[in-house]
Amino acid sequence: MSTANTYDVVIVGSGLGGLLSGVILAKEGMKVCVLEKDKQVGGCLQTFSLQKKVFDSCVHYIGGLGEGHTLNRIFSYAGIMDKLKLKAFDRDAFDKIALGDDEMLYPQAQGFDNFTEQLLPYFPGEKQALQDYIKAVKNIGDHFPLYRLRNGSADEKAAVAGLGLTQTLQSITGNNLLQNVLAGNNLLYAGVAERTPFYLHALVIESYMHSSHKIVPGSSQIAKFLWQELQAHGGVVYRNTEVTKLVEENGSIVYAENREHERFYGKQFIANVHPQVLLGMLQTSMLRPAYRNRINGLAQTISSFMLNMVLKPGTVPMRHYNIYWHRSGNVWEATAYRAGQWPANYALFFTEDAANPGYAESVSALCYMHYEEVTQWHDTENRTGNEHDRGEAYTAFKEEKTEKLLETLYPRLPELKGNIISHSAATPLTYRDYTGTPAGSLYGILKDINKPAETQIATRTRIPNLLLTGQNVNLHGVLGVSITAIATCAELTGMEYLLGKIK
Ligand SMILES: Cc1cc2nc3c(=O)[nH]c(=O)nc-3n(C[C@H](O)[C@H](O)[C@H](O)COP(=O)(O)OP(=O)(O)OC[C@H]3O[C@@H](n4cnc5c(N)ncnc54)[C@H](O)[C@@H]3O)c2cc1C
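If you're wondering where the values come from, they're calculated on a predicted model, not measured in any experiment.

Draft legend 1. How the structure looks around the pairing of strand E15 (residues 303-311). Taking burial as the measure, the nine residues of E15 include nine buried ones, the bulk of the element. What you see with E15 is no split at all: Ser 303, Phe 305, Leu 307, Met 309 and Leu 311 on one side and Ser 304, Met 306, Asn 308 and Val 310 on the other are buried throughout. Note: E15 against strand E18 (residues 360-369), eight bridges, orientation antiparallel. Bridge assignment links Val 310 to a residue of E18, and that residue is Ser 362. Two elements, E15 and strand E19 (residues 420-426), share six bridges in a ladder whose sense is antiparallel. Bridge pairing in E19 links Asn 308 to Ser 424.

Draft legend 2. Seen up close, the sheet that holds E15. Pairing is mixed in the open sheet, where seven strands are placed in the order E8-E7-E16-E17-E18-E15-E19. Looking along the sheet, the strands with just one partner apiece sit at the ends: strand E8 (106-108) and E19. Going across the sheet, the axis of each strand differs from the next one's by a mean of 20°, ignoring polarity. Here five bridges tie strand E7 (residues 95-99) to strand E16 (residues 322-326), and the two strands are oriented parallel to one another. Looking at E16, one finds that Lys 96 is bridged to Ile 323. Its contacts with the sheet place helix H13 (residues 428-435) against E15, E18 and E19, and it is angled at close to 100° to E15.

Rules used in this analysis
Residues numbered from 1 in each chain as written. Predicted model: local features only at pLDDT ≥ 70, side-chain atom pairs only at ≥ 80, totals over all residues. Buried ≥ 20, exposed ≤ 12 C-beta atoms within 10 Å, placed from the backbone. Helix = DSSP H or I, 4+ residues; strand = E, 2+ residues; numbered from the N terminus. Pairing = 2+ DSSP bridges. Axes fitted to C-alpha atoms, helices over the stretch in contact; angles between N-to-C directions. Contact = placed C-beta atoms within 7 Å.

Structure below.
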C-alpha cells in the first residue's frame, strides 16, 4: 500500500457538505482527500456561463449569511466569509408570491416584525395569525440546537418533528389565501401536503427572514474558496474521480476505488452522495438487506426544469426579489401536476446588469418536472467531461417545454417577449448527471411526517468508520447542509469542542 494514497479522512463527493466537512477536519490537522466525479467541484454549487453571463445551476439565494447569523458564523470559521461578495435582497420582500391569474404579488420580507408588517395590508384582519406564525417559526429554530449553534439533545427536535406543515398553517389561520401565501415558496423544499414537516418549512423560511443574499457572481464562489481553504490546510481534491467501490474488510472501510481502479486508503470515510448511490458502491455484508430495501424504497422530492435566459440590455427591469407563481390557487397541487397542466408553477430569479443598473442581464425560471417525463432518455449521460448528445427527440422535447414555459411567463412579464438573446434549458437528466442525485430529485429524500424514522437519515452508519453528510441527512439547502457538516465532523472532533471553536 502506497502512503501517498493514504489519508486520515477520505470524502466521496465535493458538494458543499463534502467540502465543508473537509475544511473543518483539515483545520483539525487531519490529512483529507475529497474525491469528485465531475470536472467542476461543488455539486449543486456549480455555475456555467452563457454569452459570458454567469448562471447558477441551482443555488440562487442563501439565508442566514447576514452579520451574526448562523451561516455567517460557520463560513467565518471555515475562513471563506470575508472572501464572498454578497448582494442583499429587498428588505421588504425577498420573495413575492403570485397565485393563478390574480395580479397581486404578496411579499415575504426580511425581519420578523417586518414580515408581518409587509403582509398586513393584504390581510388586515390577520394580525394575530401572522404573529402566531412568526412565533411558531421561531419556536422550531429554538428546538433545533445547531441552528442556534448550541449543543442540545435529540429530544428537543423530537418534540416538534411530528408537526405537519399544512396542518400547522391550518391551525394558525382559517384564511385559505393566507395559508397559500405563507407556503407560496414551497418549491424551496418541494413541499407535499399532509407529508412535509413544519420544521422543514420553518427552518428554511426563518433563515431568509434573518437575511437573504445572493453570491456574486455565482454560488460556485463558495466551492472555490472552500477548496482553497482545504488546500491551505494540506487537503486535496481529485476531480474526474468517480468512486465505484467502498470496500469493507474486518468491520471497517479500507479503501475507496474509482472507475480507473485507483485506490484511496483511509482511516475514516465520509459519504457526501445520495444514500442510494452510496449503497451501490458499498461492498460489505454489514448492512442488512432490510436497511438496503428501506433506503432504496424511499420516495424522493420531485425534480425540476430550469430555463436560463440572457436578456437584451436595458429591456427587463431588475427585481431584487424572486417571484414564485402557482397555476392553481392551491399551492399544494403543483407537485402532483398532470399532463397538460405543465408548468404548474415557477420561480423567477433575476441577475442585475452591472452596465445597466436597474435592469436585469439575465433571468432563470425554475419549475417542477416529474422524472417520468424524461425516462425515455434514462440510459443517456451528458455532462462536462462525459459529453454525449441525447439526440434530436430530446432537443425537440426541451424546445417544446421552453415554448410552454415562455407562454406561461409572458402574461406576467410581457417585457421578456422579443428580448431574450439566448437561452439554455436543464431537465431532470441534467441535474441527475451533474450531481449524481437519483432521478434528478431537487433535494433528495422526501421527509415525511407519516414516516419520521424511515425518512430521517443519521450521520452514523453500522460501519464505524463510515459517516454520512449532505442534504439527505437532516436538511437540504446551503444552511441545512452546513449544519449537517458540523454534525458529521462532530462525530470525530466532539460537538462541544467544535461549537466552541465556531463560536
Ligand atoms: C435546482 C436547485 C435549486 C436550489 N436552490 C437553492 C437555493 O437557492 N438556496 C439554497 O440554499 N439551496 C438551494 N438548493 C439546495 C442546495 O443546492 C443543496 O441542498 C446542496 O447544495 C446539496 O449539497 P450536498 O453537499 O448534499 O451535495 P451535492 O451538491 O448533491 O453534491 C454531491 C457531489 O457528489 C458527487 N458525486 C456523486 N456521486 C459520486 C461518485 N460516485 N464519486 C464521486 N463523486 C460523486 C457529485 O458529482 C456532487 O459533486 C437547490 C437545489 C437544486 C437542485
